[in-house]
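Residues per chain, in single letters:
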2 protein chains.
Amino acid sequence: MVGIRERARAEHILDIKRVAGEQLSTSGAAGVSLRAIARELGMVSSAIYRYFPSRDELLTALIVDAYDSIGSAAEQADAAVVDRNVRTRWIEVARSAYRWAGEHHTEYGLIFGTPVPGYAAPQDTIGPATRFTTVLLSLLVDAQRRGDVNAAPTTIRPDIRRELASMRARLEIDIDDQLLAAGLLSWVTLFGTISFIRFGHFTNVIEDCDTYFEHVLTHLGTSVIGFA
Amino acid sequence: MVGIRERARAEHILDIKRVAGEQLSTSGAAGVSLRAIARELGMVSSAIYRYFPSRDELLTALIVDAYDSIGSAAEQADAAVVDRNVRTRWIEVARSAYRWAGEHHTEYGLIFGTPVPGYAAPQDTIGPATRFTTVLLSLLVDAQRRGDVNAAPTTIRPDIRRELASMRARLEIDIDDQLLAAGLLSWVTLFGTISFIRFGHFTNVIEDCDTYFEHVLTHLGTSVIGFA
DNA sequence: ACGATGCGTGAGCACTGCTCTCGTTGGGTG
DNA sequence: CACCCAACGAGAGCAGTGCTCACGCATCGT
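In this text the structure is predicted, and so the values were computed from the model without any measurement.

Criteria and thresholds
- Residues numbered from 1 in each chain as written.
- Chains lettered and ligands numbered in written order.
- Predicted model: local features only at pLDDT ≥ 70, side-chain atom pairs only at ≥ 80, totals over all residues.
- Heavy atoms only, no water.
- Least-squares fit on C-alpha atoms with pLDDT ≥ 70 in both.
- Near = heavy atom within 4 Å.
- Polar contact = N/O pair within 3.5 Å; in protein donor to acceptor, adjacent residues only side chain to side chain.
- Helix = DSSP H or I, 4+ residues; strand = E, 2+ residues; numbered from the N terminus.
- Nonpolar A, V, L, I, M, F, W, Y, C, P; charged D, E, K, R; others polar.
- Contact = heavy atoms within 4.5 Å.
- Buried area = accessible area lost by both parts, 1.4 Å probe.
- Salt bridge = Lys/Arg side-chain N within 4 Å of Asp/Glu carboxyl O.
- Phe/Tyr/Trp six-rings, centres within 6.5 Å; stacked < 30°, edge-to-face > 60°.
- Buried < 20%, exposed > 50% of the residue type's maximum accessible area, 1.4 Å probe, protein only.
- 1 Å grid on protein atoms, 1.4 Å probe; cavity = no way out; pocket = protein on both sides within 12 Å on 5 of 7 lines; lining within 4 Å.
- Points joined across faces, edges and corners; volume = space filled by probe spheres on them.
- Expected span 1.5 Å × (residues − 1).
- Bend = angle between axes of the 7 residues up to and from the residue.

## Side note on the relation of the copies chain A and chain B
Here comes step 1: Placing chain A over chain B gives an RMSD of 0.0 Å and needs a rotation angle of 180 degrees, together with 0.0 Å of translation along the axis. The superposition of one copy onto the other is thereby described by a two-fold rotation axis.

## Some words on the protein's contact with DNA strand D
Here comes step 1: Inspection of the region around DNA strand D gives 23 residues, with R35(A), R55(A), R9(B), S46(B) and R50(B) positioned closest.
Here comes step 2: Taking all atoms of DNA strand D within 4 Å of the protein, the share assigned to sugar and phosphate is 45%.
Here comes step 3: In this structure, R39(A) approaches DNA strand D through a side-chain N or O atom, which is 3.2 Å from a phosphate oxygen.
Here comes step 4: Between DNA strand D and the protein, one listed contact pairs a base oxygen with a side-chain N or O atom of R50(B) at 2.6 Å.
Here comes step 5: Counting only elements with at least two residues in the surface near DNA strand D, the list comes to α1 (4–27) and α2 (34–40) of chain A together with α1 (4–27) of chain B.
Here comes step 6: Among the residues forming the surface near DNA strand D, the class breakdown is eight nonpolar, seven polar and eight charged.

## Some remarks on the interface of chain A and chain B
Here comes step 1: Chain A puts 45 residues into the contact, and the matching count from chain B is 45 residues.
Here comes step 2: For the chain A and chain B pair, buried surface summed over both sides reaches about 4000 Å², with 67% attributable to carbon and sulfur atoms.
Here comes step 3: The interface formed by chain A and chain B contains two salt bridges.
Here comes step 4: The partner of R170(A) in a salt bridge is E207(B), with the nearest N and O atoms 3.1 Å apart.
Here comes step 5: In this structure, the connection of chain A to chain B is made through 18 residue pairs in polar contact (both at pLDDT 80 or more).
Here comes step 6: Of the residues forming the side of chain A that touches chain B, the biggest block, nine residues, is contributed by helix α8 (residues 177–198) of chain A.

## Brief notes about the protein's contact with DNA strand C
Here comes step 1: Of all residues adjacent to DNA strand C, which total 24 residues, the nearest are R9(A), S46(A), R50(A), I4(B) and R35(B).
Here comes step 2: Note that a phosphate oxygen of DNA strand C is positioned 2.9 Å from one of the side-chain N or O atoms of S33(B).
Here comes step 3: In the model, a phosphate oxygen of DNA strand C is placed 3.3 Å from a nitrogen or oxygen of the Y49(B) side chain.
Here comes step 4: Mapped onto the surface near DNA strand C, the elements with two or more residues apiece are α1 of chain A together with α1 and α2 (34–40) of chain B.
Here comes step 5: Here the residues of the surface near DNA strand C are counted per class, giving nine nonpolar, seven polar and eight charged.

## Looking at the packing of aromatic side chains
Residue and element names in this part refer to chain A.
Here comes step 1: Enumeration according to the criterion identifies 22 aromatic pairs over all chains in this entry.
Here comes step 2: For the pair F112 and F191, a centre-to-centre distance of 4.4 Å together with 20 degrees between the ring planes defines the contact as stacked. You can see F112 sitting in helix α5 (residues 105–112) and its partner F191 sitting in helix α8, a full 79 residues away along the chain. In terms of burial, F112 and F191 fall into one category: buried.

## Quick word on empty space enclosed by the protein
Here comes step 1: With the rule as written, the count across this model stands at three cavities of 30 Å³ or more.
Here comes step 2: As a volume, the largest cavity reaches approximately 120 Å³.
Here comes step 3: Taken together, 15 residues form the lining of the largest cavity, with S195(A), F112(B), F191(B), G192(B) and S195(B) sitting closest to its centre.
Here comes step 4: Of all the secondary structure elements, the ones that give two or more residues to the lining of the largest cavity are α8 of chain A together with α5 (105–112) and α8 (177–198) of chain B.
Here comes step 5: Residue classes in the lining of the largest cavity are distributed as nine nonpolar, six polar and no charged.

## Describing the layout of surface pockets
Here comes step 1: Here the second largest pocket defines a volume of roughly 580 Å³.
Here comes step 2: In terms of lining, the second largest pocket is formed by 32 residues, of which the most central are H219(A), S223(A), V224(A), S223(B) and V224(B).
Here comes step 3: Contributions of two or more residues to the lining of the second largest pocket are made by α8 and α9 (209–225) of chain A together with α8 and α9 (209–225) of chain B.
Here comes step 4: Residues of the lining of the second largest pocket, tallied by class, amount to 18 nonpolar, 14 polar and no charged.

## A word on the pattern of salt bridges
Residue and element names in this part refer to chain A.
Here comes step 1: If you walk through the whole model with that rule in mind, you get 32 salt bridges over all chains.
Here comes step 2: One salt bridge connects R168 with D177, and the closest N-O pair in it is separated by 2.8 Å.
Here comes step 3: Judged by relative accessible area, D177 falls into the buried class, the value being 13%.
Here comes step 4: Taken together, the shared-partner salt bridges in this structure form one network comprising D78, R84, R89, D142 and R145.

## Topic: α9(A)
Residue and element names in this part refer to chain A.
Here comes step 1: Given a rise of 1.5 Å per residue, 17 residues ought to cover 24 Å, and the 22 Å separating the end C-alpha atoms of α9 matches this to within 8%.
Here comes step 2: Along its length, α9 reaches its greatest deviation from straightness, about 30 degrees, at H219.
Here comes step 3: Among the residues of α9, those classed as buried are C209, T211, Y212, F213, H215, V216, L217, H219, L220, G221, V224 and I225.
Here comes step 4: Taking the backbone nitrogen of D210 as reference, a side-chain oxygen 3.3 Å away marks D208 as the first, capping residue of α9.
Here comes step 5: Directly after α9, the chain includes G226, whose backbone phi takes a positive value near 80 degrees.

Laid out in structure tokens, this is it:
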């Protein structure tokens with residue numbers, strides 16, 4: 001049987017992260033206060049340290065949760081595509097990221113925004129961080145396998161081909177240079193667009209950001225990656 | 001003649017911003033402390049408030065300076081291209097942004113990173129903020145005028161054409177839909193790539209980020225915008 | 001049954017942004 | 001030139017922060 005302490009501990013950790021998440025969405029990362037969390041949970045501030053050794057560790061936990069959240073959103077969006085058409089899958093996955101960023105504004109800023117100087121992402125974060133890109137990569141792998149892609153060939157310099165080959169080996173995937181480069185560029189442009197929209201760089205530039213995002217989406221799928 | 005006070009005031013403001021900038025680059029935006037600045041300048045903390053009404057205003061001043069800094073870097077890079085070839089100008093301007101981001105890591109994070117919730121960019125920032133994009137836009141205008149551009153036509157939906165037309169009217173520029181859309185996409189991809197590199201999202205993904213950036217640069221200039 | 005360990009408490013340290021009052025001093029005005 | 005207001009620096013003080021530590025109590029494994 002699981003002990004009373006163990007259960008209470010798990011619940012407390014959840015409570016702390018919940019309140020911290022509320023503070024995060026209302027006041028940003030700077031507004032997450034251990035003392036305020038303790039106050040809201042009816043405990044003394046020093047008690048928090050029994051569960052998180054420092055404020056940084058709490059934020060790290062929130063980062064991990066955020067990566068997991070956007071990753072699982074993408075996984076679900078991908079799984080929901082019944083006909084497994086790679087073009088549809090790409091659009092749905094990209095849309096899920098856009099939607100997630102809109103619904104979790106500050107969490108998005110936490111993982112795709114300014115990194116804290118001197119704060120090296122702990123090992124705990126790199127696992128969840130790859131969850132989203134894994135969805136994207138498996139999508140590309142399937143596209144390659146099914147031959148559902150025919151992009152206009154672009155010139156790729158030898159040093160970049162070497163870089164791509166190294167990446168291919170590291171990830172143990174079978175995607176040719178053309179598709180891999182296009183996928184990489186689309187990945188960056190996808191989050192570049194989301195960041196520009198969510199961080200307000202399109203103010204006074206683009207009025208209907210939702211529509212523009214859809215445009216970028218189809219453009220990337222059609223002209224850059226070249227899904228059939 | 002300019003008074004003693006006026007001169008002293010201007011110098012103090014410069015001093016405060018200088019020390020704040022040092023703190024910014026070593027400890028990030030969160031590490032900028034009015035009291036620490038006052039200590040370093042040998043004045044009492046409350047004296048700072050004679051020059052900046054709040055910490056936020058100080059940060060705003062740093063943001064304005066950062067926008068000005070990257071803007072003037074781009075202007076200089078553009079002006080240094082003697083033959084006025086638009087392709088060369090694009091590459092030099094984009095490179096200047098990449099270089100600036102590398103040399104001013106935290107300042108870059110300040111303007112392209114996570115926005116503070118509830119912090120609406122004051123009017124003071126929007127002027128300097130457009131300085132970089134103005135360089136980019138004038139480059140596109142020249143390309144259009146000289147006919148130095150021949151991109152593969154992509155499909156642009158009517159609602160996006162409407163958005164582009166509105167943008168064209170607002171900015172009072174003469175760039176056709178095709179080029180404007182390509183420029184917009186390149187702008188986003190440019191800063192998306194810089195952010196991914198500088199914010200560490202390419203760790204364990206791309207080894208030689210400098211080379212990859214050069215690749216993206218030429219790709220955007222050639223395949224997306226299509227400079228002659 | 002007992003000892004080690006987990007846990008909540010409260011005081012305390014060093015720090016933060018910001019406010020207020022109090023003299024002093026510089027600089028336009030009569 | 002004298003005067004008076006505004007700008008200024010100093011210092012105390014308030015409310016808040018992250019974090020540490022010694023202290024007891026409760027729980028759990030032996």
